[in-house]
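# Examining the three-dimensional arrangement
One-letter residues, chain by chain:
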Amino acid sequence: MSALIEASDLSVRLDGRIVLEDVDFTIAAHEIVTVVGPNGSGKSTFLRALIGAQPLASGSVRRAPGLRLGYVPQKLPLDPSLPLSVARFLSLPRRVPAQAAAQALAEAGAAGLENRQLNDLSGGQLQRVLLARALLNEPQILLLDEPTQGLDQPGSAAFYRQIEALRDRTGCAVLMVSHELHVVMSASDRVICLNGHVCCEGHPEVVAQAEAYRALFGTGTQGALALYRHEHHHSHDHAHPHPHAHGDADKEHAHAG
Ligand SMILES: Nc1ncnc2c1ncn2[C@@H]1O[C@H](COP(=O)(O)OP(=O)(O)OP(=O)(O)O)[C@@H](O)[C@H]1O
């Protein structure tokens, strides 16, 4: 399948400091890819570089010709004195029919917020509205920067299920940044662990067990990852019987990146 976005040897310098170095990346239609990494590891910068909002120090980013992308930033600086309803915001810069706006809001988990003021929304609601606005563009790829910040765990899990359903219905690709490793694991086809460079990447199960990943996130996540394994990893196609202690990773699949 051909790539929607492809980056080669991408490096970014901010304030004279290299924050991303030699990152190779590709994403195809229908894929859900999650970027994880510690604070300040360059995740937001990476998304901005991919959409062309961040100049590169070296390397290249290639986007499919005419690619429709929807980008939802981590936050939107709003002027607190500016009155702007959700409905009007969704109709910027071009007017959309009320029914289309309502449908996009419903799809983003923000049904019925049309008449609310943007400034009065909670952080989570505002992000849903930003997602709705991105959806109006019928994106082939959605880039979401920490879309579940401020949501509780069930809220985050519900959001990821919504994103998966959206992907299944429209076939769009999704690239998102998240800190919620345990929830993300179940919703992603591929996980990229970023810390200025790509530490490791691959199927969520593989990344969860990679030494580079564990070195970054320590053992603190082990319980949560084990919980994920407990809930979602029931089929084992290898034949030999051995006890699956859920707090203990299967070493035979371990892969250091
Ligand atoms: N405009 C800027 N000028 C200089 N340095 C910046 C700028 N924006 C970000 N940085 C620095 O670049 C690095 C990467 O920032 P970035 O926001 O991409 O990280 P992140 O992984 O998204 O972080 P977080 O998880 O905290 O959101 C950080 O060290 C940050 O301080």
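Residues numbered from 1 in each chain as written. Predicted model: local features only at pLDDT ≥ 70, side-chain atom pairs only at ≥ 80, totals over all residues.

For the chain, an unreviewed UniProt entry supplies the name Metal ABC transporter ATP-binding protein and the organism Thetidibacter halocola.

### Notes on helix H5 (residues 153-170)
Here H5 is 18 residues long and its end C-alpha atoms lie 26 Å apart, about the 26 Å a rise of 1.5 Å per residue gives. Listing the buried residues of H5 in full gives Ser156, Phe159, Tyr160 and Ile163. Summarising the axial view, the buried residues of H5 lie within an arc of 95°, below the 170-degree limit, and thus occupy one face. Exposed residues lying more than 90 degrees from the buried face of H5 are Pro154, Ala165, Asp168 and Arg169. Two residues or fewer after H5 comes Gly171, characterised by a positive phi angle close to 80°. (Helix = DSSP H or I, 4+ residues; strand = E, 2+ residues; numbered from the N terminus. Expected span 1.5 Å × (residues − 1). Buried ≥ 20, exposed ≤ 12 C-beta atoms within 10 Å, placed from the backbone. Arc of directions from axis to C-beta.)

### Here's the deal with the pairing of strand S9 (residues 198-202)
Of all the five residues making up S9, four are buried; the element is thus mostly covered by neighbouring parts of the structure. Bridging between strand S8 (residues 190-194) and S9 involves four bridges; their strand directions are antiparallel. Bridge pairing links Ile192 to Glu201 in S9. Where S8 folds back onto S9 in an antiparallel hairpin, the turn is made up of three residues, including Gly196, whose phi is positive at roughly 80°. (Pairing = 2+ DSSP bridges.)

### Thoughts on the confidence of the model for the chain
Across the chain, the average pLDDT comes to 82, with 83% of residues at 70 or higher. Per-residue pLDDT stays below 50 along residues 221-257; that stretch engages in 36 contacts with residues further than four places along the chain or on separate chains. Quick note on the complex model: pTM equals 0.82, ipTM equals 0.97. (pLDDT = per-residue confidence, 0-100. Contact = placed C-beta atoms within 7 Å.)

### Observations regarding the site of the ligand
The full set of residues close to the ligand is Leu14, Asp15, Val19, Gly37, Asn39, Gly40, Ser41, Gly42, Lys43, Ser44 and Thr45. Sort the elements by how many residues they give to the shell around the ligand and helix H1 (residues 43-51) lands first, with three residues. Here the shell around the ligand is built from residues that sort into two nonpolar, seven polar and two charged. (Near = placed C-beta within 6 Å. Nonpolar A, V, L, I, M, F, W, Y, C, P; charged D, E, K, R; others polar.)

### Considerations on the domain arrangement of the chain
Domain boundaries assigned for the chain yield domain 1 (3-68 + 139-237 + 245-253) and domain 2 (76-138). Contact residues are listed per partner, giving ten residues for domain 1 and ten residues for domain 2. It is H5 that contributes the most residues to the side of domain 1 that touches domain 2, three residues altogether. (Domains from an automatic or database assignment.)

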